[in-house]
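Listed below are the residues making up each chain.
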Protein chains: 2
Amino acid sequence: MKLKLKPWINSLPGYVAGRTIEEIKKEFKLNEVHKMASNENILGPCSQVRKYIKENLDDINYYPDSDAAAVREAIASKCGIEAGNIIMGNGTDQIIEMICDCFIMEGDNIVNADPNFIIYEKAALKCGGQAVKVALKKEDFSQDGQKIVKAVNDRTRIVFLASPHNPTGTIICEKDLVFILQNIPDDVLIVIDEAYYEYLEDSFRPDTIKYIKEYPNLVSLRTFSKIYGLAGLRIGYGIADKNIIDALNKIRLPFNTSLIAQKAAATAIENDWYIERIRDSINEEKDKFYRFLDSAKIEYIKSYANFILIKTGSKSAGIVKGLLESGFIVRPGANLGFNEYIRVTVSVPDVNEKFIKKFSEIYNYFYGKK
Amino acid sequence: MKLKLKPWINSLPGYVAGRTIEEIKKEFKLNEVHKMASNENILGPCSQVRKYIKENLDDINYYPDSDAAAVREAIASKCGIEAGNIIMGNGTDQIIEMICDCFIMEGDNIVNADPNFIIYEKAALKCGGQAVKVALKKEDFSQDGQKIVKAVNDRTRIVFLASPHNPTGTIICEKDLVFILQNIPDDVLIVIDEAYYEYLEDSFRPDTIKYIKEYPNLVSLRTFSKIYGLAGLRIGYGIADKNIIDALNKIRLPFNTSLIAQKAAATAIENDWYIERIRDSINEEKDKFYRFLDSAKIEYIKSYANFILIKTGSKSAGIVKGLLESGFIVRPGANLGFNEYIRVTVSVPDVNEKFIKKFSEIYNYFYGKK
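Residues numbered from 1 in each chain as written. Chains lettered and ligands numbered in written order. Predicted model: local features only at pLDDT ≥ 70, side-chain atom pairs only at ≥ 80, totals over all residues. Heavy atoms only, no water.

1. Describing the overall build of chain A
Phase 1: Along its length, chain A carries 13 helices and 12 strands.
Phase 2: Relative to its length of 370 residues, chain A is compact, with a C-alpha radius of gyration of 21 Å against a globular reference of 21 Å.
Phase 3: With the C-alpha coordinates of chain A rotated into their principal frame, the extents come out at 60 × 55 × 50 Å.
Phase 4: Here the analysis covers contacts within chain A between residues at least 6 apart in sequence; of these, 74% occur between residues at least 24 apart.
Phase 5: For chain A, the exposed surface amounts to about 14200 Å²; the carbon and sulfur share of it is 49%. (Helix = DSSP H or I, 4+ residues; strand = E, 2+ residues; numbered from the N terminus. Rg over C-alpha atoms; globule rule 2.2 N^0.38 Å. Contact = heavy atoms within 4.5 Å. Areas by Shrake-Rupley, 256 points an atom, 1.4 Å probe, with all protein chains shown as cover.)

2. A few points about the relation of the copies chain B and chain A
Phase 1: The two copies are related by a screw motion: chain B maps onto chain A through a turn of 180 degrees and a shift of 0.0 Å along the axis, at an RMSD of 0.0 Å. With respect to symmetry, the two chain copies, as superposed, fit the operation of a two-fold axis. Among all C-alpha atoms of chain B, that of B:Lys54 lies closest to the rotation axis, at 2.6 Å.
Phase 2: Interface overlap between copies: 100% of the residues of chain B at the interface are likewise at the interface in chain A, consistent with a symmetric, same-surface contact. (Least-squares fit on C-alpha atoms with pLDDT ≥ 70 in both.)

3. A closer look at the pattern of salt bridges
Phase 1: Tallied over the full model, the rule gives 56 salt bridges over all chains.
Phase 2: Where A:Lys137 meets A:Asp176, a salt bridge forms, and the shortest distance between an N and an O atom there is 3.9 Å. Placement of the pair is A:Lys137 in the loop between β4 (130-135) and α6 (145-151) and A:Asp176 in helix α7 (residues 174-183), with a sequence separation of 39 residues.
Phase 3: Where B:Asp93 meets B:Arg234, a salt bridge forms, and the shortest distance between an N and an O atom there is 3.6 Å. Of the two residues, B:Asp93 sits in helix α4 (residues 92-103) while B:Arg234 sits in the loop between β7 (218-223) and β8 (236-240), which places them 141 residues apart along the sequence. This pair shows no difference in class: B:Asp93 is buried, exactly as B:Arg234 is.
Phase 4: Linked through salt bridges whose partners overlap, the residues forming this network are A:Glu97, A:Asp101, A:Lys126, B:Glu97, B:Asp101 and B:Lys126. (Salt bridge = Lys/Arg side-chain N within 4 Å of Asp/Glu carboxyl O. Buried < 20%, exposed > 50% of the residue type's maximum accessible area, 1.4 Å probe, protein only.)

4. Examining the pairing of strand β10 (residues 307-311) of chain A
Residue and element names in this part refer to chain A.
Phase 1: Across the 5 residues of β10, 4 count as buried, placing the element largely inside the fold.
Phase 2: Across 2 bridges, the pairing between strand β9 (residues 300-301) and β10 is antiparallel. Note on β10: the bridge partner recorded for Tyr 300 is Ile 310.
Phase 3: Both β10 and strand β12 (residues 341-345) contribute to a ladder of 5 bridges, which runs antiparallel. In the sheet register, Ile 310 faces β12, and the bridge partner there is Ile 342. (Pairing = 2+ DSSP bridges.)

5. Some points on the pairing of strand β3 (residues 109-114) of chain A
Residues and elements named next belong to chain A.
Phase 1: The buried fraction of β3 amounts to 5 of the 6 residues, a majority that puts the element mostly inside the structure.
Phase 2: Judged from the 6 bridges that link them, β3 and β4 form a sheet pairing that is parallel. Within the sheet, the bridge partner assigned to Ile 110 lies in β4 and is Ala 131.
Phase 3: Regarding topology, helix α5 (residues 118-126) serves as the crossover connection from β3 to the parallel β4, and that connection is right-handed.
Phase 4: Examined bridge by bridge, β3 and strand β5 (residues 156-162) share 4 bridges and lie parallel to one another. Note that in β5 the partner of Asn 109 across the bridge is Thr 156. (Right-handed = clockwise from strand over helix to strand, strands pointing away.)

6. Comments concerning the packing of aromatic side chains
Phase 1: Using the criterion set out here, one finds 40 aromatic pairs over all chains in the structure.
Phase 2: Considering the side-chain rings of B:Tyr196 and B:Phe307, the 5.1 Å spacing of their centres and the 70 degrees angle between planes classify their relative orientation as edge-to-face. Placement of the pair is B:Tyr196 in the loop between β6 (189-193) and α8 (208-214) and B:Phe307 in strand β10 (residues 307-311), with a sequence separation of 111 residues. For the pair formed by B:Tyr196 and B:Phe307, the shared burial category is buried.
Phase 3: Through successive ring pairs, a cluster of aromatic residues spans A:Phe289, A:Phe292, A:Phe328, A:Phe355, A:Phe359, A:Tyr363 and A:Tyr367.
Phase 4: Across the ring face of A:Phe307, the terminal group of A:Arg343 is positioned such that the distance to the ring centre comes to 5.5 Å. (Phe/Tyr/Trp six-rings, centres within 6.5 Å; stacked < 30°, edge-to-face > 60°. Lys NZ or Arg CZ within 6 Å of the ring centre and 35° of its normal.)

7. What to know about the domain arrangement of chain A
Residues and elements named next belong to chain A.
Phase 1: If you check the domain split of chain A, you get domain 1 (7-36 + 274-366) and domain 2 (47-270).
Phase 2: Distance from the C-alpha centre of domain 1 to the C-alpha centre of domain 2: 25 Å.
Phase 3: Contact residues are listed per partner, giving 25 residues for domain 1 and 31 residues for domain 2.
Phase 4: Here domain 1 meets domain 2 over a buried area of about 2500 Å², counting both sides, of which 67% is carbon and sulfur. (Domains from an automatic or database assignment. Buried area = accessible area lost by both parts, 1.4 Å probe.)

8. Regarding the sheet that holds β5(A)
Residues and elements named next belong to chain A.
Phase 1: The 7 strands are arranged β2-β8-β7-β6-β5-β3-β4 in an open sheet whose pairing can be described as mixed. Strands with a single pairing partner mark the edges of an open sheet, and in this sheet they are β2 (86-89) and β4. Sheet twist, expressed as the average angle between the axes of neighbouring strands with direction ignored, equals 25 degrees.
Phase 2: Of the strand pairs in this sheet, β5 and strand β6 (residues 189-193) are connected by 5 bridges, and their pairing is parallel. Bridging across to β6, Phe 160 finds its partner in Val 191.
Phase 3: Packing against the sheet, helix α3 (residues 69-79) makes contact with β2, β7 (218-223) and β8 (236-240), and its axis sits at approximately 130 degrees to β2. (Axes fitted to C-alpha atoms, helices over the stretch in contact; angles between N-to-C directions.)

9. Overview of the packing of helix α12 (residues 316-325) of chain B against helix α13 (residues 349-367) of chain B
Residue and element names in this part refer to chain B.
Phase 1: Between α12 and α13, whose axes approach to 10 Å, the crossing angle comes to 140 degrees. Taken together, α12 and α13 sit at an angle that is classed as oblique. Considering the relative orientation of α12 and α13, their crossing is right-handed. Each of Ser 316, Gly 318, Ile 319, Gly 322 and Leu 323 in α12 lies in contact with α13, whose residues at this interface are Phe 355, Lys 358, Phe 359, Ile 362, Tyr 363, Phe 366 and Tyr 367.
Phase 2: Partitioned by chemical class, the residues of the contact of α12 with α13 number 8 nonpolar, 3 polar and 1 charged. (Parallel < 35°, antiparallel > 145°, perpendicular 65-115°, else oblique. Left-handed = near helix turned anticlockwise from the far one by under 90°. Nonpolar A, V, L, I, M, F, W, Y, C, P; charged D, E, K, R; others polar.)

10. Focus: helix α2 (residues 47-55) of chain B
Residue and element names in this part refer to chain B.
Phase 1: Within the span of α2, buried status applies to Val 49, Arg 50 and Ile 53. Along the axis of α2, the buried residues cluster in a sector spanning 95 degrees; they form a single face. Residues of α2 that are exposed and point more than 90 degrees away from the buried face comprise Ser 47, Lys 51 and Glu 55.
Phase 2: The secondary structure elements touched by the buried residues of α2 are α10 (259-270). (Arc of directions from axis to C-beta.)

11. Comments concerning the sheet that holds strand β12 (residues 331-332) of chain B
Residue and element names in this part refer to chain B.
Phase 1: Pairing is antiparallel across the open sheet formed by 4 strands, whose spatial order is β9-β10-β13-β12. The sheet is open, and its two borders are formed by β9 (300-301) and β12, each paired with just one other strand.
Phase 2: Of the strands in this sheet, β9, β10 and β13 (341-345) are in contact with helix α11 (residues 273-295), which crosses β10 at around 10 degrees.

12. Quick notes on the interface of chain B and chain A
Interfaces are frequently sized by the accessible area removed from exposure as the parts join.
Phase 1: Contacts between chain B and chain A engage 78 residues on the former and 78 residues on the latter.
Phase 2: Of the roughly 6800 Å² buried between chain B and chain A on both sides combined, carbon and sulfur atoms contribute 62%.
Phase 3: Inspection of the chain B/chain A interface yields 6 salt bridges.
Phase 4: Put simply, B:Asp187 and A:Lys4 hold a salt bridge, and the shortest N to O gap is 2.7 Å.
Phase 5: Along the contact surface separating chain B from chain A lie 40 residue pairs in polar contact (both at pLDDT 80 or more).
Phase 6: Among the secondary structure elements, those contributing two or more residues to the side of chain B that touches chain A are α2, α4, α5 (118-126), α9 (242-251) and α10 of chain B.
Phase 7: In terms of residue count, α4(B) provides more of the side of chain B that touches chain A than any other element does, 7 residues in total.
Phase 8: Its residues assigned to classes, the side of chain B that touches chain A shows 40 nonpolar, 17 polar and 21 charged. (Polar contact = N/O pair within 3.5 Å; in protein donor to acceptor, adjacent residues only side chain to side chain.)

13. Concerning the nonpolar core
Phase 1: The biggest cluster of nonpolar side chains holds 169 residues, and the ones touching the most others in it are A:Phe224, A:Phe355, A:Phe359, B:Phe224, B:Phe355 and B:Phe359.
Phase 2: Among all residues touching B:Phe224, those that are not within four sequence positions of it are B:Ile75, B:Met88, B:Gly229, B:Leu230, B:Ala231, B:Ile235, B:Gly236, B:Tyr237, B:Ala265, B:Ala268 and B:Ile269. (Core = buried A, V, L, I, M, F, W, Y, C linked by side-chain atoms within 4.5 Å.)

Written out as structure tokens, the structure is:
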């Protein structure tokens with residue numbers, strides 16, 4: 001190509017999406033396929049959301065509200081903050097991109113854990129920046145606050161944290177969060193990705209909004225793609241000091257969230273009782289997985305989200321393939337920086353039971369019955 | 001703010017969105033408000049699209065197909081090109097942004113007409129680039145191919161053309177397009193925004209696909225927001241040589257178009273007969289406007305799209321306000337680089353008639369009966 005592509009674009013890391021149910025049905029000639037690969041809420045949104053969409057399709061020929069005022073007001077009221085502290089994105093990945101677009105110049109860097117959700121690094125690299133990677137703690141796979149603080153240098157513009165962290169499901173405890181907030185210079189942005197925040201038990205939920213009010217360099221990212229069950233509609237949000245939101249709005253495309261996504265998200269918030277049910281169900285189901293894994297003496301990482309990273313050893317690729325052929329899509333750890341693991345989304349009770357049975361068979365096939 | 005925002009972000013030009021019907025109803029206490037400000041297709045999509053959405057909401061909790069394979073295949077087959085030549089965007093404005101993100105470094109520039117759709121310039125400035133602006137031809141408000149070619153220098157990475165052009169509705173005739181293609185160096189990207197392409201009469205439609213096959217530096221942008229009546233869902237596409245599409249895919253966020261938008265767009269293409277009807281109706285209605293404007297001796301620019309730029313003179317702001325108070329939202333030319341004009345979207349017959357009547361009254365109020 002004769003065109004002058006920015007020199008670093010060709011070497012950007014790829015993102016490997018979870019495979020779709022339709023794809024796998026076709027490839028393996030299956031009637032029933034369960035996706036346990038992308039941490040969706042398998043039960044979907046509360047019934048009010050689909051009903052509302054069905055009854056409100058009259059105006060899809062009009063551009064959405066560029067300010068997304070109704071849904072931002074709903075979030076603001078839920079969170080006890082002003083609508084001016086909130087920005088909507090076409091998924092939080094778009095907000096991650098906007099943040100890097102605003103703050104990362106050639107030669108700047110971001111600091112984040114290794115491994116991590118790949119989009120932080122991709123968004124920084126896209127702007128000509130670098131990603132400084134800090135290994136997870138060996139003992140519990142959590143993010144290492146001390147080492148993250150030490151990794152910040154004079155070209156660091158953003159620190160990306162995730163709690164719960166993807167793909168491990170570990171959290172940053174409140175003490176570590178405070179340590180990070182207190183020890184990172186106030187000209188560095190601290191972004192905490194809380195995509196799985198609503199899956200936390202109350203006692204593990206930090207009052208992030210309180211810290212945002214205290215630290216004008218802190219951003220929280222939350223989403224309707226996970227517990228709210230709206231991944232297909234693409235809508236997430238960022239919460240931060242108004243100065244940061246104003247800067248992001250300077251580069252936000254005017255119609256970045258769709259009319260249906262805005263309406264669905266506002267309806268989902270009106271029915272917030274529903275997500276507590278989902279959380280409770282997932283926590284019960286996780287225990288089912290843990291009991292099985294413990295009894296089978298298979299290692300795993302205890303998760304605060306709706307997925308579990310399971311150690312499947314050197315035969316992981318074969319196990320992933322065996323599961324696919326049996327109609328279960330899981331995420332190979334190799335795509336996530338965990339070669340000897342698979343990441344499994346916790347599904348609904350009957351699917352989880354079927355999965356555990358099939359996984360157990362396949363695992364035993366590869367490693368011999370214990 | 002202590003955070004180190006890129007120095008040029010704060011001075012980016014703003015985009016002023018058309019005001020929403022709900023906003024105006026509230027502000028002026030009106031029951032009936034007609035939006036004629038954002039060039040939407042007021043009749044909306046064909047009925048099959050809404051029906052399909054209503055019946056296919058089961059999987060909105062799953063991430064969309066990252067490759068948008070079905071809709072890309074449908075477009076490819078319609079256009080006589082490969083799916084590998086197509087990229088989907090959350091509106092074509094997102095593709096404009098991706099193109100600049102890939103090709104514009106600090107100090108680079110884009111060349112485009114003045115005035116023009118502001119997003120070209122915004123996307124270039126976001127990357128630290130500049131926008132070289134070439135005045136429209138005085139005689140007919142069309143883009144000046146000769147001057148555009150002359151404006152290209154060694155830091156030019158992209159030339160943005162629009163046909164039909166927004167906000168004038170003028171086109172680049174095929175002779176001028178060929179002149180531009182032949183005279184701009186092949187290491188410069190030529191992007192032709194064809195958002196209103198389907199409104200053109202057959203004899204005015206260039207075979208852009210043929211030129212894309214001949215010129216590997218040409219990109220066409222098309223959208224489902226205009227004649228297809230899906231502005232609220234956010235989906236558009238780019239067509240180009242595979243090398244360009246591959247580069248854009250390197251930075252595309254994996255789930256940039258929603259599941260519903262992908263499905264709606266594919267359904268809209270299946271029912272392509274519908275848009276010809278819309279085009280014919282709009283062309284008849286434009287004639288109605290022209291007859292009125294001619295008889296009232298009011299100047300306007302003859303448009304190849306579904307909007308008309310009408311010269312309303314020094315009292316334009318008052319006329320816009322008068323129309324708003326009467327329930328008609330139009331776009332002030334002042335927001336579009338045409339101070340003494342308003343841009344009016346051609347609507348359905350009865351709304352157009354009401355509009356013409358009200359506009360005539362207000363115009364006469366300000367300028368006296370002719």
